[in-house]
Amino acid sequence: MTNTQTRKSQNNKIRFITGCGMLAAFATALQYLEIPSPVSFIALDFSDLPALIGSFAYGPVAGILIEFIKNIIHLAVSKSGFIGELSNFILGAVFVGIAGILYKHKKTKKWALLAGTIGAFVMAIVSYPSNLYIVYPFYYNFMPKEAVLQVYQKLFNVNSIEMAILIYNVPFTFIKGLISVVISAFIYKPLSPILKGKKR
């Protein structure tokens, strides 16, 4: 490897670390800015957006790393006994990981939208078992299962937690992912030269 290649490799590593750090900090900040939903214990945030951008700019590993860092930092103020952060990481990693893998093979705007949409769809599917078997069983220690169901029943005619999660949580998760995909379509191109250290 020549000196020029070595220098380029080192610059790429520095750019990767710096870019991931910056995006992770942004993701952490966005994780604190929650928008309440009709179901009181579910909130909307846009903290997956920086991870999605990182996945497009540096690859799927970067996106997953950003998801990991933001949730590790958020553990300091966790109100869910770390279960919420675990679920957030699992779903976020699925979302940006799949989107990043697909985008890596064809780097066009249309393909980025498709890759992000597929990632959001798979995330929504994974959210069903994640909520049903990881998140909610933990929450039942603090809020009885019947009380959780009653919150949903104020909005929908459901008679089970399984149905409630399928009707509300799964579409909610998909829409949350789609919002990040749409926003990324507008801001990724202007940010790309900065993240990759390229001149416009």
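Structure first, text after, so check above.
Now for a quick tour of the structure.

Cut-offs used in this document
Residues numbered from 1 in each chain as written. Predicted model: local features only at pLDDT ≥ 70, side-chain atom pairs only at ≥ 80, totals over all residues. Heavy atoms only, no water. Phe/Tyr/Trp six-rings, centres within 6.5 Å; stacked < 30°, edge-to-face > 60°. Buried < 20%, exposed > 50% of the residue type's maximum accessible area, 1.4 Å probe, protein only. Lys NZ or Arg CZ within 6 Å of the ring centre and 35° of its normal. Axes fitted to C-alpha atoms, helices over the stretch in contact; angles between N-to-C directions. Helix = DSSP H or I, 4+ residues; strand = E, 2+ residues; numbered from the N terminus. Parallel < 35°, antiparallel > 145°, perpendicular 65-115°, else oblique. Left-handed = near helix turned anticlockwise from the far one by under 90°. Contact = heavy atoms within 4.5 Å. Nonpolar A, V, L, I, M, F, W, Y, C, P; charged D, E, K, R; others polar. Salt bridge = Lys/Arg side-chain N within 4 Å of Asp/Glu carboxyl O. Core = buried A, V, L, I, M, F, W, Y, C linked by side-chain atoms within 4.5 Å.

Scanning all chains against the criterion turns up 13 aromatic pairs. With centroids separated by 6.4 Å and ring planes inclined at 90°, the aromatic side chains of Y136 and Y140 adopt a geometry described as edge-to-face. Y140 gets classed as partly exposed once you look at its relative accessible area, which sits at 23%. Among the aromatic residues, ring-to-ring pairing joins Y136, F138, Y139, Y140 and F142 into one connected group. Against the face of F186 rests K109, its NZ or CZ located 5.8 Å from the ring centre.

Turning our attention to the packing of helix α2 (residues 48-58) against helix α4 (residues 83-105). When two helices pack together, their arrangement is given by the angle between their axes and by how far apart the axes lie. The interhelical angle for the contact between α2 and α4, taken along N-to-C directions, is 25°, at an axis separation of 8 Å. By the angle class used here, α2 and α4 are roughly parallel. As for the relative orientation of α2 and α4, their crossing is right-handed in sense. The residues of α4 that touch α2, namely those facing D48, A51, L52, S55 and F56, are G92, F95, V96, A99, G100 and Y103. Residue classes in the contact of α2 with α4 are distributed as seven nonpolar, three polar and one charged.

Along the polypeptide, T28 turns up in helix α1 (residues 3-32). Residue classification places T28 among the buried positions, given a relative accessible area of 8%.

Summed over all chains, the structure comprises three salt bridges. Between D48 and K70 there is a salt bridge, with its nearest N and O atoms 3.1 Å apart. Of this pair, D48 sits in helix α2 while K70 sits in helix α3 (residues 60-74), placing them 22 residues apart in sequence. By the burial criterion, D48 is buried, and K70 matches it. The residue E67 makes a salt bridge to K70 at a minimum N-O spacing of 3.1 Å.

Below, the discussion takes up the nonpolar core. Counting 25 residues, the largest nonpolar core has L52, F56, Y58, I66 and F95 as its most contacted members. Sorting the residues of this core by element identifies α1, α2, α3, α4, α5 (109-139) and α7 (161-196) as the ones contributing at least two each. Here the element with the most residues in this core is α2; it accounts for seven residues. Residue contacts for L52: discarding those within four places in its chain leaves F95, V96, A99, S180, V181 and S184. Counting residues in each nonpolar core, the second largest holds 17 residues, with V39, I42, V158 and A164 among its members.

Structurally, N131 is set in helix α5. In this structure N131 comes out as buried when scored by relative accessible area, which is 10%. Sequence-wise, N131 and L166 are 35 residues apart; in three dimensions their C-alpha atoms are separated by 10.0 Å. Once residues lying within four places of it in the same chain are set aside, the contact partners of N131 are Y136, P137, I165 and N169.

What follows concerns the packing of α4 against α5. Where α4 meets α5, the axes come as close as 8 Å, and the angle between the chain directions of the two elements is 160°. Considering the angle they form, α4 stands roughly antiparallel to α5. Classified by chirality, the crossing of α5 by α4 is right-handed. Split into classes, the residues belonging to the contact of α4 with α5 amount to 22 nonpolar, seven polar and no charged.

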